[in-house]
Amino acid sequence: MGVFVVGGAVRDALMGLPVSDRDWVVVGCTPEAMGAQGYMPVGKDFPVFLHPQTREEYALARTERKTARGYKGFAVQADPSVTLEEDLARRDLTVNAMAVPEAIALAAPSAWTDQIVDPYGGQRDLHGKVLRHVTEAFAEDPVRILRVARFAARFGNFTVADDTMALMRQMVKDGEADHLVPERVWQELARGLMSAKPSRLFEVLRECGALKVLLPELDRLWGVPQRPEYHPEIDTGVHMMLVMDMAAQLNMPLHVRVACLMHDLGKGSTPADVLPRHIGHEGRSVKLLRQVCDRLRVPTEGKELAEVVAREHGNIHRSAELGPEALMRLLERCDAVRQPERFAQVLQACECDARGRQGFEEAAYPQALRLLKAQQAALSVETAPIAQAAAAQGLKGPQIGEQIFKARVKAVAVSL
């Protein structure tokens, strides 16, 4: 029996990156023999076991053969006859198809020199910064299109090999991307959004044609012009990518990045005769992002934040022009009093939008500070005494709410 650490742990170690999880493969062994050594079986679709001491996962070497479309449409063979090279052949990219024997796996990568099992050129492609598929079996799993795009976003200076991009285009042409499970699409997109260079995720998906299938609402933004005095980059798709990379640069959380991604979707449906203006795009964006979020099963928190940002980002950008009453109404529309933490995220997304423009990358965003001060002023108002006094005067419901609103407006005015 041979035991090897494989995949991402080897790749990251060779790149000098931290290794958080290790995937282990066992060659020349049976499930019964694993159990006899104290390993606990946990795999449902293929034999995976937990190590009796470390609780790390150990999988028997296996091959996979596609039998039908869909995530579960694979026949798995896992028995002692499967070699390590055959197991590595089923992996997506050459940089993920390397292995190191257990005996030296925990040593520094410098000690691995002649011990790395690399039958498909993973070290070559790491040095060349190339993402290349291992075998033509790559085409059997459309999730790999998303994985390549995600790795391109994680390792922003890597390129996709020409033959791999051609294979991905053919997969999209053959309809493979049409059969992706929404939950898997969201899972990969979310991981890509949290990468160092999210724009690369969408550039790769767009280049192979998958973006038009998975996110047509986003894909149609390229080539749509915006007013150059506000958007020197002009192209709406280019603007979206600048916004996404700004969100990464500012280390924004996932829900903020989702809101950034969705905030301008409505510009893709602006009538041609009014371009480059985008009158009413906010409302169209809200409608489209709801469809996207429902289709991809985006968590409710991200969807609701995206709705507020799409609807109000223009008003927030122009908020320096607003007086106390208008500011208070803006805060109410953003639900900033009831959900103060979410309002902070709304402002974060708006800052990414404002700075995600050519030449504005280092610009300040004073609107955020002014609105946060106004929010704090509104929150400082004690509403219970106001409600009691209003009720004593015979006021009810909306009338009491109006008294509280006026008190908050006065507090906001003092804060400005």
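Residues numbered from 1 in each chain as written. Predicted model: local features only at pLDDT ≥ 70, side-chain atom pairs only at ≥ 80, totals over all residues. Heavy atoms only, no water.

Visitor: Hey, could you go over the overall build of the chain for me, with residue numbers and the actual values?
Guide: Along the backbone of the chain there are 20 helices and 10 strands. Across its three principal axes, the chain shows a C-alpha extent of roughly 85 × 50 × 40 Å. The burial tally for the chain puts 49% of its 416 residues in the buried class. Sequence-distant contacts in the chain: of pairs separated by 6 or more residues, those separated by 24 or more amount to 66%. (Helix = DSSP H or I, 4+ residues; strand = E, 2+ residues; numbered from the N terminus. Buried < 20%, exposed > 50% of the residue type's maximum accessible area, 1.4 Å probe, protein only. Contact = heavy atoms within 4.5 Å.)

Visitor: I'd like a rundown of the nonpolar core, residues and numbers included.
Guide: Across soluble globular proteins, nonpolar side chains show a tendency to be buried alongside one another. With 109 residues, the main nonpolar core has Leu131, Leu189, Phe202, Leu205, Leu218 and Ile316 as its most contacted residues. For this core, the element with the most residues is helix H6 (residues 143–154), which contributes eight residues. Here Leu131 is in contact with Leu93, Val95, Val148, Phe151, Ala152, Phe158, Thr159, Val160, Ala161 and Thr164, once residues within four sequence places are set aside. Of all hydrophobic cores here, the second largest spans 12 residues; its members include Val6, Val25, Leu88 and Ala97. (Core = buried A, V, L, I, M, F, W, Y, C linked by side-chain atoms within 4.5 Å.)

Visitor: If you had to explain the environment of Pro385 to someone new, which residues and values would you point to?
Guide: One can find Pro385 in helix H19 (residues 383–392). In sequence terms Pro385 and Ala413 are 28 residues apart; their C-alpha atoms lie 20 Å from each other.

Visitor: How would you explain the side chain of Glu188 if you had to name every residue and give the values?
Guide: Mapped onto the elements, Glu188 comes out in helix H8 (residues 182–193). With near-sequence residues (within four places) excluded, Glu188 lies in contact with Val143, Leu146, Arg147 and Arg150.

Visitor: I'd like to hear about the packing of helix H7 (residues 162–173) against helix H9 (residues 198–208), residue by residue, with values.
Guide: Remark: H7 packs on H9, axes separated minimally by 8 Å, with the N-to-C direction vectors making an angle of 65°. Contacts from Met165, Met168, Arg169 and Val172 in H7 reach Val204, Glu207 and Cys208 in H9. Split into classes, the residues belonging to the contact of H7 with H9 amount to five nonpolar, no polar and two charged. (Axes fitted to C-alpha atoms, helices over the stretch in contact; angles between N-to-C directions. Nonpolar A, V, L, I, M, F, W, Y, C, P; charged D, E, K, R; others polar.)

Visitor: Please set out helix H12 (residues 236–249) residue by residue, giving values where relevant.
Guide: Between its first and last C-alpha atoms H12 spans 20 Å; for 14 residues at 1.5 Å apiece the expected length is 20 Å, and the two agree. Of all 14 residues that make up H12, 11 are buried, and the element is covered over most of its length. Taken residue by residue, H12 has Thr236, Gly237, His239, Met240, Met241, Val243, Met244, Asp245, Met246, Ala247 and Ala248 as its buried positions. Residues of H12 that are buried make contact with H8, H9, helix H11 (216–219), helix H13 (254–262) and helix H17 (340–355). With a side-chain oxygen positioned 2.8 Å from the backbone nitrogen of Gly237, the residue opening H12 is Asp235. (Expected span 1.5 Å × (residues − 1). Polar contact = N/O pair within 3.5 Å; in protein donor to acceptor, adjacent residues only side chain to side chain.)

Visitor: I'd like a description of the packing of aromatic side chains, backed by residues and values.
Guide: All chains considered together, the criterion is met by four aromatic pairs. Ring centres of Tyr39 and Tyr58 lie 5.4 Å apart, and the angle between their planes is 65°; this geometry places the pair in the edge-to-face category. Of this pair, Tyr39 sits in the loop between helix H2 (31–36) and strand S3 (40–41) while Tyr58 sits in strand S5 (residues 57–60), and the two are 19 residues apart along the sequence. Each member of the pair, Tyr39 as well as Tyr58, carries the same accessibility label: buried. Through successive ring pairs, a cluster of aromatic residues spans Trp24, Tyr39 and Tyr58. Stacked on the ring of Phe151, the Lys or Arg Arg150 has its end atom at 5.0 Å from the ring centre. The side chain of Arg357 reaches across the aromatic face of Phe360, ending 3.8 Å from its centre. (Phe/Tyr/Trp six-rings, centres within 6.5 Å; stacked < 30°, edge-to-face > 60°. Lys NZ or Arg CZ within 6 Å of the ring centre and 35° of its normal.)

Visitor: Residues and numbers for the pattern of salt bridges, please.
Guide: On inspection of all chains with the given rule, the structure shows 24 salt bridges. When the shortest N-O distance is used, the salt bridge between Arg11 and Asp12 registers 2.9 Å. Each member of the pair Arg11 and Asp12 is classed as buried. One salt bridge connects Arg154 with Asp12, and the closest N-O pair in it is separated by 3.2 Å. Highlighted residues: Arg154 in helix H6 and Asp12 in helix H1 (residues 8–14), separated in sequence by 142 residues. When its relative accessible area of 8% is taken as the criterion, Asp12 is described as buried. One salt-bridge network, in which partners are shared between bridges, spans Arg124, Asp125, Arg132 and Asp163. (Salt bridge = Lys/Arg side-chain N within 4 Å of Asp/Glu carboxyl O.)

Visitor: Before we move on, could you go through the sheet that holds strand S1 (residues 2–6) and cite the residues and values that matter?
Guide: Here six strands make up an open sheet; going across it, the order is S3-S4-S5-S2-S1-S8 and the pairing mixed. In this open sheet, the two strands that pair with only one neighbour each are S3 and strand S8 (99–101). Both strand S2 (residues 23–27) and S5 contribute to a ladder of three bridges, which runs parallel. Note on S5: the bridge partner recorded for Val26 is Leu60. (Pairing = 2+ DSSP bridges.)

Visitor: I'd love a proper account of the side chain of Arg355, names of residues and values included.
Guide: Mapped onto the elements of the fold, Arg355 is located in helix H17. Owing to a relative accessible area of 10%, Arg355 belongs among the buried residues under this scheme. In contact with Arg355, other than residues within four places in its own chain, are Met246, Gln249, Leu250, Phe360, Glu361, Glu362 and Ala363.

Visitor: Can you break down the environment of Arg154 residue by residue, with the values?
Guide: The class for Arg154 is partly exposed, based on a relative accessible area of 36%. Beyond its immediate chain neighbours, meaning those up to four positions away, Arg154 contacts Arg11, Asp12, Leu17, Ser195 and Ala196. Among the polar contacts made by the side chain of Arg154, one reaches the side chain of Asp12 at a distance of 3.2 Å.

Visitor: Outline helix H18 (residues 366–379), supporting the account with residue identities and numerical values.
Guide: With 14 residues, H18 should cover 20 Å at 1.5 Å per step; its first-to-last C-alpha distance of 20 Å lies within 8% of that length. Within H18 the residues assigned to the buried category are Gln367, Ala368, Leu371, Ala374, Gln375, Ala377 and Ala378. On its buried face, H18 sits against helix H15 (300–317), helix H16 (324–333), H17 and helix H20 (397–415).

Visitor: Break down the pairing of S2 for me, with residues and values.
Guide: For S2, the buried fraction is high: four of the five residues fall into the buried class. Inspection of the sheet shows S1 paired to S2 by five bridges, in the antiparallel sense. By the bridge assignment, Val3 is partnered in S2 with Val26.

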